[in-house]
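What the coordinates show
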Amino acid sequence: MKNKTTEINNLLKQLSRENFFGYEMVDYWDGDTTALGLQKGNIVVYISTFHYPKSNHYDIIIEELETYRILKFGENKSYDELTHDLQSFF
């Protein structure tokens, strides 16, 4: 993605090798160059790499798009923890 950080683009490359189907990339956070959105149906996953350069970990929020109800929230997640959470919804 053009306006995103190297960490986001590297994460996209890694995620493309995983077995996730039916999601699309969304960018509801245009001004946040450290954020990535994945959407499948009514579920949106916000992934932040804001602290990644120092911690090698991600922050994640999974919510229902229509109601904004948070289904899962996590900070300081490893890549394996992140993909495990994504598998629960994708």
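Structure: above.
Quick look at the structure, then. Nothing here was measured: the structure is a model prediction, and the numbers come from that model. (Residues numbered from 1 in each chain as written. Predicted model: local features only at pLDDT ≥ 70, side-chain atom pairs only at ≥ 80, totals over all residues. Heavy atoms only, no water.)

Quick look at the overall build of the chain now. Scanning the chain from terminus to terminus reveals three helices and five strands. From first element to last, N terminus to C terminus, the chain shows the α and β order α-β-β-β-α-β-β-α. Its C-alpha radius of gyration of 12 Å places the chain within 12% of the 12 Å reference for a compact globule of 90 residues. Its C-alpha atoms put the chain at 30 × 25 × 25 Å along the principal axes. The burial tally for the chain puts 40% of its 90 residues in the buried class. Counting only carbon and sulfur atoms, one obtains 48% of the accessible surface of the chain, whose full area is about 5,500 Å². In the chain, which carries 9 positive and 14 negative side-chain charges, the distance between the mean positions of the two groups comes to 4 Å. (Helix = DSSP H or I, 4+ residues; strand = E, 2+ residues; numbered from the N terminus. Rg over C-alpha atoms; globule rule 2.2 N^0.38 Å. Buried < 20%, exposed > 50% of the residue type's maximum accessible area, 1.4 Å probe, protein only. Areas by Shrake-Rupley, 256 points an atom, 1.4 Å probe, with all protein chains shown as cover. Lys, Arg positive; Asp, Glu negative; His and termini not counted. Charge placed at Lys NZ, Arg CZ, Asp CG, Glu CD.)

Turning next to the packing of aromatic side chains. What the rule picks out here adds up to four aromatic pairs. Arranged with centres 4.8 Å apart and planes meeting at 65°, the rings of W29 and Y46 form a pair that is edge-to-face. Pair noted here: W29 is in the loop between β1 (24–26) and β2 (35–40) and Y46 is in strand β3 (residues 43–48), with a separation of 17 residues, a long-range link. Here the aromatic cluster, defined as three or more aromatic residues joined through ring pairs, consists of Y28, W29 and Y46. (Phe/Tyr/Trp six-rings, centres within 6.5 Å; stacked < 30°, edge-to-face > 60°.)

Looking at the element boundaries, Q39 is found in strand β2. Of the polar contacts made by the side chain of Q39, one reaches the side chain of Y28; its length is 2.7 Å. Among residues more than four places away in sequence, those in contact with Q39 are G22, Y23, E24, V26, Y28, V44, L65 and F90. (Polar contact = N/O pair within 3.5 Å; in protein donor to acceptor, adjacent residues only side chain to side chain. Contact = heavy atoms within 4.5 Å.)

Those residues of helix α3 (residues 79–89) that fall on the buried side of the exposure criterion are Y79, L82, T83, D85 and L86. The buried residues of α3 occupy an angular sector of 160° when the element is viewed end-on, so they sit on one face. For α3, exposure combined with an orientation more than 90 degrees from the buried face picks out D80, H84 and S88. On the buried face of α3, the contacting elements are α1 (6–16), β2, β3, β4 (58–64) and β5 (70–77). (Arc of directions from axis to C-beta.)

Take the environment of L12 next. With respect to the secondary-structure elements, L12 resides in helix α1. Separated by 13 residues in sequence, L12 and M25 have C-alpha atoms that sit 9.4 Å apart.

What follows deals with unusual backbone geometry. A positive phi angle, close to 60°, is found at Y68, a residue other than glycine. In this fold, Y68 is placed in the loop between β4 and β5. Phi angles above zero are rare outside glycine, and N76 is one such case at about 60°.

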